[in-house]
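# Working through the structure, step by step
One letter stands for each residue in the lines below.
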Amino acid sequence: MALSSLPSRYGIGTMGRAAYEFVDFLAQAKQSWWQLLPLGPTTYGDSPYSSPSSFAGNPYFIDPDMLVSEGLLERAELEGIDWGGDSARVDYAAVYEHRFDILRRAFERAPSELLEEAEKFHLDNRSWLDNYALYMSLKVNFGQVSWTEWPDDIRLRKTGAVEYYTEKLSGEISFWIFVQFLFFRQWNALKSYAHGKGIRFIGDIPIYMAMDSAEVWSEPEFFLLDENCVPTVVSGVPPDEFTEDGQLWGNPIYDWEKMRSDGFRWWKRRIGGASALFDVIRIDHFRGLASYWAVPYGDKTARNGVWREGPGIGLVRALKEWFPTLDFIAEDLGYPTPEVAKLVEDSGFPGMNVLQFGFEADNDSMFMPHYIRINNVCYIGTHDNDTAVGWLDSLSGEDLEFFDEYTHHTGDESRCRTLIRTGMASPARLFVLTMQDALELPSDCRMNTPGSPSGNWRWRMLPGAASHELARELAHLTCLYRRAEQ
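To start, this report covers the structure provided alongside it.

Rules used in this analysis
- Throughout, residues of each chain are indexed from 1 in the direction in which the sequence is written.
- Owing to the predicted nature of the model, reporting of local features is limited to residues with pLDDT of at least 70; listing and counting of side-chain atom pairs is limited to 80 or more, with chain, interface and lining totals taken over all residues.
- Water and hydrogen atoms were dropped before computing side-chain values, which therefore reflect all heavy atoms in the structure.
- Patch construction takes residues with relative accessible area above 30% that form no salt bridge. Like charges are linked within 9 Å, and nonpolar side chains (Val, Leu, Ile, Met, Phe, Trp, Tyr) are linked within 5 Å.
- In this description, accessible areas are obtained by the Shrake-Rupley approach with a 1.4 Å probe, and a residue is regarded as covered only by the protein chains that are shown.
- Any Lys or Arg side-chain nitrogen found within 4 Å of a carboxyl oxygen on Asp or Glu counts as a salt bridge.
- Lys and Arg are tallied as positive, Asp and Glu as negative. Neither His nor the chain termini are counted.
- Charge positions are represented by NZ for Lys, CZ for Arg, CG for Asp and CD for Glu.
- Counting from the N terminus, the helices are the DSSP runs of H or I reaching at least four residues and the strands are the DSSP runs of E reaching at least two.
- Residue burial is assigned from relative accessible area. The probe radius is 1.4 Å, only protein chains are included, and a residue is buried under 20% of its type maximum, exposed over 50%, and partly exposed in between.
- Given a helix with a known number of residues, its expected span is that number minus one, times 1.5 Å.
- Here, residues are in contact when the closest pair of their heavy atoms is within 4.5 Å.
- Pairing of aromatic side chains here covers Phe, Tyr and the six-membered ring of Trp, requires ring centres within 6.5 Å, and sorts the geometry by plane angle: under 30 degrees stacked, over 60 edge-to-face, intermediate tilted.
- Whether a charge lies above a ring is judged from NZ of Lys or CZ of Arg, which has to be within 6 Å of the ring centre and within 35 degrees of the ring normal.
- In this description, strands pair whenever DSSP reports at least two bridges between them.
- Lines are fitted to the C-alpha atoms to define the axes, a helix being fitted only along its stretch in contact, and any angle between axes, read from their N-to-C directions, falls within 0 to 180 degrees.
- Counting of polar contacts relies on pairs of N or O atoms within 3.5 Å, with two restrictions inside protein: one atom must be capable of donating a hydrogen and the other of accepting it, and residues adjacent in sequence are counted only when both atoms are side-chain atoms.
- The set of buried Ala, Val, Leu, Ile, Met, Phe, Trp, Tyr and Cys residues whose side-chain atoms join them within 4.5 Å is what this entry labels a nonpolar core.
- For classification purposes, an angle smaller than 35 degrees is called roughly parallel, one larger than 145 roughly antiparallel, one from 65 to 115 roughly perpendicular, and anything else oblique.
- Ten residue types, Ala, Val, Leu, Ile, Met, Phe, Trp, Tyr, Cys and Pro, are classed as nonpolar, four, Asp, Glu, Lys and Arg, as charged, and the remainder, Gly among them, as polar.

## With respect to a negative patch on the surface
On the surface, Asp82, Asp86, Asp91, Glu97 and Asp101 cluster together into a negatively charged patch. Within the secondary structure layout, glutamate 97 lies in helix α4 (residues 92-109). According to the relative accessible area criterion, glutamate 97 is exposed, its value standing at 52%.

Structural data, given as structure tokens:
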């Protein structure tokens, strides 16, 4: 369940009351984990997988009611703001239009003692926060255009340019530091509350960075860019039976040789930032560490890409040695090859099984429940899949008959509930259920449709949907299949 999907009066889920109530729901339902989408800021397209920072938190998730309770906002200042008219969908345009106005008011009203706390936070996080706050201030200064369109002196970080703009934009920089202070203060409070209830967090980190991001601008030497900071190749995936042109993601690709030469210092910092948010980290597109699809910059499709060797087990070992107590999950879906399987095996990380891929009458799929290994994590579907109800509705008659026979579906319960039972009963060490499937919601509630440029990342849970009755039902199943932690 994405944090953005929580109910709230402010157009998008926040770290306020509804988040605490959802933790209570999970505890009542005998759950131990809450898996989230990336928590970074979003930009054009609204995807949490394309963020301007791999360290910063999304300002949209800062709860206005908490700011009122602290005296940083007045209740009247929140009345009458149009946050969007549909409580079941995020209106990102409305949130973007108004959220920063109220955050600026909170900043202007902050007392000196709170500003001192923010400065301590700044000093503790300078390794990423200085670049991020300057980057965001420059975005405001230059009308929100990408850093690739800034004047050459600051675009290329020429001598004196960073110092000049840091002084010129000092007030704006202080605002962006304060916003991150607010985010992490609210997040740490929520995380502490969840831990007290026995709930821990699994967080996704995208494998690639957005081109228009603080990291690519401030550390271009770690990416395959030319002397003018223009990419030479970009990311994507090759054509398959679903997309004849492949998928052109367009992210800059890492200079893995450069990263290897200093012991993967950049990745250690990145994982360190993620570990401050999450208890377990799922590495998105893990297969890209074995080999990745490199598309010539400027191509309109991913057709002309080539496979290149990734950092492989070298990066994995470096991260495991640097973070000996941190657990990872490998998102190993898509283009399975022996080298990817070996990398997952050698890493020791749990891989993923998705039940929606496992019920084809004429195919002995590796995703069928009886093939799931104990070390893996079982999902009905991920944020990129249809909801279980939508997927079941799409099955052919033959596949549906196979599903019913395989799962012993009798009609005494819905097929969606049968699928949940199947996941609960699987050998996987962990079973993760999307909230949409717990609520048996249809296709229009799916989170993302890969390859679709609009309408994604918008689903929100309606108030009251996470009911006591649903919690009791999930608790019963969790205990029945011996998944409840004592």
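Structure's up, so let's keep going.
## Digging into helix α6 (residues 126-141)
Taking 1.5 Å per residue as the helical rise, α6 with its 16 residues ought to reach 22 Å, and the 22 Å between its terminal C-alpha atoms agrees with that figure. On its buried face, α6 is in contact with α5 (112-124), α7 (152-155), α8 (161-168), α9 (170-196) and α10 (214-218).

## Quick word on the packing of aromatic side chains
Counted according to the given criterion, the structure contains 46 aromatic pairs. Seen in terms of ring centroids, tryptophan 293 and tryptophan 307 are 5.2 Å apart; in terms of plane orientation they differ by 65°. Their pairing is edge-to-face. Separated by 14 residues along the polypeptide, tryptophan 293 in strand β6 (residues 291-296) and tryptophan 307 in strand β7 (residues 306-309) bring together distant segments of the chain. The ring of phenylalanine 175 is capped by arginine 104, whose NZ or CZ atom sits 4.1 Å from the centre of that ring.

## Focus: unusual backbone geometry
In this structure, glutamine 144 takes a positive phi of about 70° despite not being glycine. Summarising the element assignment, glutamine 144 is placed in the loop between α6 and α7. According to the relative accessible area criterion, glutamine 144 is partly exposed, its value standing at 26%. Positive phi is not limited to glycine here, since arginine 482 has a value of about 55°.

## Topic: the sheet that holds strand β5 (residues 280-283)
Hydrogen bonds between backbone atoms are what pair the strands of a sheet, whose relative direction is either parallel or antiparallel. On the basis of which strands lie adjacent, the open sheet formed by 4 strands has the order β1-β2-β5-β8 and parallel pairing. Each end of this open sheet is capped by a strand with a single partner; those strands are β1 (33-36) and β8 (327-330). For this sheet, the mean angle separating the axes of adjacent strands, direction not counted, is 25°. The pairing of β5 with β8 spans 4 bridges and is parallel.

## A word on the pattern of salt bridges
Scanning all chains against the criterion turns up 26 salt bridges. Close ionic contact of arginine 458 with aspartate 46 constitutes a salt bridge, the shortest N to O distance being 3.5 Å. Of this pair, arginine 458 sits in the loop between α18 (435-438) and α19 (468-480) while aspartate 46 sits in the loop between β1 and α2 (64-69), and the two are 412 residues apart along the sequence. Using a relative accessible area of 25% as the deciding quantity, one classes arginine 458 as partly exposed. When the shortest N-O distance is used, the salt bridge between arginine 417 and glutamate 473 registers 2.4 Å. Taken together, the residues arginine 417 in helix α17 (residues 415-424) and glutamate 473 in helix α19 connect sequence positions 56 residues apart. Assessed through its relative accessible area of 32%, glutamate 473 is described here as partly exposed. Here the residues in one salt-bridge network are Arg9, Asp65 and Arg75, joined through shared partners.

## Describing the environment of aspartate 63
Note on placement: aspartate 63 falls in the loop between β1 and α2. On the accessibility criterion, aspartate 63 (5% relative accessible area) is buried. Between the C-alpha atoms of aspartate 63 and tryptophan 147, which are 84 residues apart in sequence, the distance is 29 Å. When residues no more than four places from it in sequence are discounted, the contact partners of aspartate 63 are Thr14, Met15, Gly16 and Gln186. A polar contact of 3.3 Å, which involves the side chain of aspartate 63, links it to the backbone nitrogen of aspartate 65.

## Regarding the nonpolar core
Counting 127 residues, the largest nonpolar core has Trp34 and Trp267 as its most contacted members. Of all the elements, α9 adds the most residues to this core, at 13 residues. Other than its neighbours up to four places away in sequence, tryptophan 267 contacts Ile205, Ile207, Tyr254, Trp256, Met259, Leu315 and Leu319. Counting 19 residues, the second-largest nonpolar core is a separate cluster that includes Leu355, Ile380, Ala388 and Met424.

## Quick word on the environment of alanine 466
Mapped onto the elements, alanine 466 comes out in the loop between α18 and α19. What makes alanine 466 partly exposed here is its relative accessible area of 26%. When sequence neighbours within four positions are dropped, the list of residues in contact with alanine 466 reads Phe22, Phe25, Met435 and Met461.

## Some points on the sheet that holds strand β9 (residues 352-354)
Overall, parallel pairing links the 3 strands, which are arranged β9-β10-β11 in an open sheet. Since the sheet does not close on itself, it has two edges, and those belong to β9 and β11 (430-432), each with one partner. Taking each pair of neighbouring strands and ignoring which way they run, the sheet shows an average axis angle of 25°. Strand direction decides the pairing type here: β9 and strand β10 (residues 377-379), joined by 3 bridges, are parallel. From the neighbouring strand, methionine 352 faces β10, where its bridge partner is valine 377.

## Some thoughts on the side chain of serine 467
By the secondary structure assignment, serine 467 is in the loop between α18 and α19. Judged by its relative accessible area of 19%, serine 467 is buried. A polar contact of 3.1 Å, which involves the side chain of serine 467, links it to the backbone nitrogen of leucine 470.

## Details of the packing of α4 against α9
Contact pair α4 / α9: the axes reach a minimum separation of 10 Å and the direction vectors enclose 100°. As far as their axial angle goes, α9 and α4 are roughly perpendicular. Across the interface between the two elements, Phe100, Leu103, Arg104, Ala106 and Phe107 from α4 touch Gly171, Glu172, Ser174, Phe175, Trp176, Phe178, Val179 and Leu182 from α9. Classifying every residue of the contact of α4 with α9 gives 9 nonpolar, 2 polar and 2 charged.

## What to know about the side chain of histidine 285
With respect to the helices and strands, histidine 285 occurs in the loop between β5 and β6. With relative accessibility at 9%, the residue histidine 285 sits in the buried group. The contacts of histidine 285, once residues within four sequence positions are left out, are Ile207, Tyr208, Val237, Trp249 and Glu331.

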